[in-house]
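Structure assessment
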Amino acid sequence: QKEVEQNSGPLSVPEGAIASLNCTYSDRVSQSFFWYRQYSGKSPELIMSIYSNGDKEDGRFTAQLNKASQYVSLLIRDSQPSDSATYLCAVMGWNTGFQKLVFGTGTRLLVSP
Amino acid sequence: DTEVTQTPKHLVMGMTNKKSLKCEQHMGHRAMYWYKQKAKKPPELMFVYSYEKLSINESVPSRFSPECPNSSLLNLHLHALQPEDSALYLCASSQDASGGAGGEQFFGPGTRLTVL
């Protein structure tokens, strides 16, 4: 079982719709969860972080965390063509006393005008 | 200043060359990271420096040699690389190497490395 799993997509949504991106993780003791956006040929950009169960909203983005189900999601409201990118879910895990970020393989989002 | 900078942006080198990648941050962060990213794959952790000491080495071949001259700078020295080492090399920094908000990692733009 992979440590962090995401559907590779592509997830296609029309402009103005809600895009829902999902991620599951295997390490039950993980406490920190992040969403990164990566445009083709560019580096990952941190867009959301979440540490406790529930929802966290920032502009058009909402991150949701359910530790009991080991599930993290990202909702993008009013999707725009500029949101078309790969979204990486990342979970902080332990590595011999140090925290290590483990990435999922990413979900490619396509927003059509 | 919330930026991580990396030089050069692009690098082409032969298998017998020695080159270095450089990374700099001015956010007062005390943890810095090197990642390698191949096309259509997620970033893979290579090294972690915490308070200028090497904390994690993910079994990276010795042809990659990291160096942290001070808390703002991180270098990656390259020697005798193979064509399969061609990738995007990413530097990142965080407030510290712990969990929570202090562990939020911010990436530089990367160096696109091609080994001929």
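Below is a short write-up of the structure.

Quick notes on the rules
Residues numbered from 1 in each chain as written. Chains lettered and ligands numbered in written order. Predicted model: local features only at pLDDT ≥ 70, side-chain atom pairs only at ≥ 80, totals over all residues. Heavy atoms only, no water. Helix = DSSP H or I, 4+ residues; strand = E, 2+ residues; numbered from the N terminus. Rg over C-alpha atoms; globule rule 2.2 N^0.38 Å. Buried < 20%, exposed > 50% of the residue type's maximum accessible area, 1.4 Å probe, protein only. Contact = heavy atoms within 4.5 Å. Areas by Shrake-Rupley, 256 points an atom, 1.4 Å probe, with all protein chains shown as cover. Lys, Arg positive; Asp, Glu negative; His and termini not counted. Charge placed at Lys NZ, Arg CZ, Asp CG, Glu CD. Disulfide = S-S within 2.5 Å. Buried area = accessible area lost by both parts, 1.4 Å probe. Salt bridge = Lys/Arg side-chain N within 4 Å of Asp/Glu carboxyl O. Polar contact = N/O pair within 3.5 Å; in protein donor to acceptor, adjacent residues only side chain to side chain.

1. Quick look at the overall build of chain A
Check the secondary structure of chain A and you find 0 helices and 11 strands. In chain A, the succession of α and β elements from N to C terminus is β-β-β-β-β-β-β-β-β-β-β. A compact globule built from 113 residues would reach a C-alpha radius of gyration of about 13 Å, and chain A, at 14 Å, matches this within 12%. Oriented by its inertia axes, the alpha-carbon framework of chain A measures out at about 45 × 30 × 25 Å. Taken across its 113 residues, chain A has 46% of its residues classed as buried. If you take every contact in chain A between residues at least 6 apart in sequence, the share linking residues at least 24 apart comes to 54%. Summing over all exposed atoms, chain A offers an accessible surface of approximately 5400 Å²; the carbon and sulfur share of this is 48%. The positive charge centre, built from 10 side chains, and the negative charge centre, built from 10, are 5 Å apart in chain A.

2. Some thoughts on the environment of Val4 of chain B
Residues and elements named next belong to chain B. Following the sequence through the fold, Val4 ends up in strand 1 (residues 4-7). What makes Val4 buried here is its relative accessible area of 5%. Note: C-alpha distance between Val4 and Ala92 (88 residues apart in sequence) is 7.0 Å. Filtering out sequence-adjacent residues up to four positions away, Val4 remains in contact with Cys23, Glu24, Gln25, Met27, Cys91, Ser93, Phe106, Phe107, Gly108 and Pro109.

3. Section: the state of the cysteines
Residue and element names in this part refer to chain A. Within this structure, the stated rule accounts for 2 disulfides over all chains. Put simply, Cys23 and Cys89 are joined by a disulfide, and their sulfur atoms are 2.1 Å apart. Looking down the S-S bond of the Cys23 and Cys89 bridge, the torsion is -70°, so its handedness is left-handed. With Cys23 in strand 3 (residues 19-25) and Cys89 in strand 9 (residues 85-95), this pair connects stretches of sequence that are 66 residues apart. Cys89 matches Cys23 in its accessibility class, with the two residues each being buried.

4. Considering the interface of chain A and chain B
Each partner contributes residues to the interface: chain A has 21 residues there, and chain B has 24 residues. Considering only the side of chain A, the residues that lose the most area to chain B are Phe98, Gln99 and Phe103 of chain A, jointly responsible for 27% of the buried surface there. Viewed at the interface, chain B and chain A are joined by 1 salt bridge. Between Glu58 of chain B and Lys100 of chain A there is a salt bridge whose closest N-O contact spans 2.8 Å. Counting across the interface, chain A meets chain B through 6 residue pairs in polar contact (both at pLDDT 80 or more). Among the elements of the structure, strand 4 (33-38), strand 5 (45-50), strand 9 and strand 10 (98-103) of chain A are those that each provide at least two residues to the side of chain A that touches chain B.

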